[in-house]
Amino acid sequence: MSSKKEFLGLFQHKKPIIAMIHLKGDTQEKIQQRAKEEIAIFVEEGVDCIMMENYYGDYVQLEKAIQYIVSLKLSIPIGVNCLNVDSMGFYLANKYNLDIVQVDSVVGHVKPRDEATLQAFFDLERAKTKACLIGGVRFKYQPMLSEKSLKEDIEIAKTRCDAIAVTQNATGEETSIEKIQEFRDTLGDFPLIVAAGVTDENVTKQLAICDAAIVGSNFKDTRKDTGEVSRDHVRHFMSIVKEYRGV
């Protein structure tokens, strides 16, 4: 782990909720308009951080949406996850002075012969950024090519990022308490984020083990990633979180 400020120190509240912007839309204009509307909902309903991601949109759309959110000068952290080309996430974080980079896997997804190259990549990129790094381990949709145990890979991951993200196998799929607890037991007090399948029903149970949560699908009107962000869903979810925090 780097000597940068502690990851959880980025947030104003304990057990922070990181909301995803997926960049959905049929045209450039609709993508940006939807992103603006979603950002407004998340800010007004009290999420703790917004993560910009090219889940549906492309890199150009991602950068344009980042330019907009940065122009708002929000008081909460802003992050970026540039899917499939991790170096561009670091590039965007540096260019726009973002607080967080998310990378879906920091260990175990490359062949053992390529682990040294991966280490060199993280050494290079992290030396150039002030942003904290959320790194996935045994993350959804990522290949599992490691020949090491989970404990060994987690120890490596802790040297490459500032917080570790855990999921089950797919977007929107609930992350099992057993998997979350296994990560917690292995990580000790190192920051742990549940990054998929968080719902109104399981959030307090999962936050009792994790330090933070990334939420996307549960904020949609259909509770699926293909839906539209619902203000009512965000408001109700955050009311549960705030009650849990004692706020």
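Because the structure is predicted, anything quoted here is derived from the model rather than measured.

Observations regarding the nonpolar core
Residues Ile 50, Met 52 and Ile 164 are the most contacted members of the largest nonpolar core, which totals 61 residues. Those residues in contact with Ile 164 that sit more than four places away from it in its chain are Gly 135, Val 137, Ile 154, Ala 157, Lys 158, Phe 183, Leu 187, Phe 190, Pro 191, Leu 192 and Ile 193. Formed by 17 residues, the second largest nonpolar core is a distinct cluster that contains Ile 18, Met 51, Ala 195 and Ile 214.

Describing the environment of Thr 171
If you trace the backbone, Thr 171 turns up in the loop between strand S6 (163–166) and helix H6 (177–187). Each C-alpha atom of the pair Thr 171 and Asp 225 lies 7.5 Å from the other, and the pair is 54 residues apart in sequence. Leave out the neighbours within four places in its chain, and Thr 171 touches Tyr 55, Lys 140, Tyr 141, Ser 217 and Asp 225.

A short note on the side chain of Asp 211
Here Asp 211 lies in the loop between helix H7 (203–207) and strand S8 (212–215). On the basis of relative accessibility, which here comes to 16%, the residue Asp 211 falls in the buried class. Among the polar contacts listed, one links the side chain of Asp 211 to the side chain of Arg 184, at a separation of 3.0 Å. Setting aside chain neighbours within four positions, we find Asp 211 in contact with Leu 8, Lys 15, Pro 16, Arg 184, Phe 190, Pro 191 and Leu 192.

A word on the side chain of Gln 102
With respect to the element layout, Gln 102 can be found in strand S4 (residues 100–107). Sequence-distant contacts of Gln 102, defined by excluding residues within four places in its chain, comprise Met 51, Val 80, Asn 81, Ile 134, Phe 139 and Ile 214.

Overview of the environment of Gln 32
Topologically, Gln 32 is positioned in helix H1 (residues 28–44). On the accessibility criterion, Gln 32 (7% relative accessible area) is buried. Along the chain, Gln 32 and Ala 65 lie 33 residues apart, while their C-alpha atoms are 6.3 Å from each other. What Gln 32 contacts, discounting residues up to four positions off in sequence, is Gln 61, Lys 64 and Ala 65. Reaching out from Gln 32, the side chain makes a polar contact with the backbone oxygen of Gln 61 at a distance of 3.1 Å.

Overview of the pattern of salt bridges
Overall, the coordinates contain 16 salt bridges when judged by the stated rule. Across the pair Arg 126 and Asp 162 runs a salt bridge whose closest N-O atoms are separated by 2.3 Å. On the criterion of sequence distance, the pair formed by Arg 126 in helix H4 (residues 115–127) and Asp 162 in the loop between helix H5 (150–160) and S6 is long-range, its members being 36 residues apart. Take Arg 126 and Asp 162: they sit in the same class, and that class is buried. Salt bridges sharing common partners tie together Glu 44, Glu 45, Arg 231 and Arg 235.

Observations concerning the packing of H5 against H6
For the pair H5 and H6, the least separation of the axes is 10 Å and the interaxial angle reads 60°. With respect to the hand of their crossing, H5 and H6 are arranged in right-handed fashion. Across the interface between the two elements, Leu 150, Lys 151, Ile 154, Glu 155 and Lys 158 from H5 touch Glu 182, Phe 183, Thr 186 and Leu 187 from H6. Here the residues of the contact of H5 with H6 are counted per class, giving four nonpolar, one polar and four charged.

Regarding the packing of aromatic side chains
The description of an aromatic ring pair uses the distance of the two centres, along with the angle that the planes make with each other. All chains considered together, the criterion is met by six aromatic pairs. With 4.9 Å between their ring centres and 85° between their planes, Tyr 55 and Tyr 56 make a pair best called edge-to-face. An angle of 65° between the planes, with centres 5.1 Å apart, marks the rings of Phe 121 and Phe 122 as edge-to-face. Ring-pair connections join several aromatic residues into one group, and the members of that group are Phe 42, Phe 219 and Phe 237. Here Lys 36 stacks its cationic end above the ring of Tyr 68, 5.0 Å away from the centre of that ring.

Calculation rules
Residues numbered from 1 in each chain as written. Predicted model: local features only at pLDDT ≥ 70, side-chain atom pairs only at ≥ 80, totals over all residues. Heavy atoms only, no water. Core = buried A, V, L, I, M, F, W, Y, C linked by side-chain atoms within 4.5 Å. Buried < 20%, exposed > 50% of the residue type's maximum accessible area, 1.4 Å probe, protein only. Contact = heavy atoms within 4.5 Å. Helix = DSSP H or I, 4+ residues; strand = E, 2+ residues; numbered from the N terminus. Polar contact = N/O pair within 3.5 Å; in protein donor to acceptor, adjacent residues only side chain to side chain. Salt bridge = Lys/Arg side-chain N within 4 Å of Asp/Glu carboxyl O. Axes fitted to C-alpha atoms, helices over the stretch in contact; angles between N-to-C directions. Left-handed = near helix turned anticlockwise from the far one by under 90°. Nonpolar A, V, L, I, M, F, W, Y, C, P; charged D, E, K, R; others polar. Phe/Tyr/Trp six-rings, centres within 6.5 Å; stacked < 30°, edge-to-face > 60°. Lys NZ or Arg CZ within 6 Å of the ring centre and 35° of its normal.

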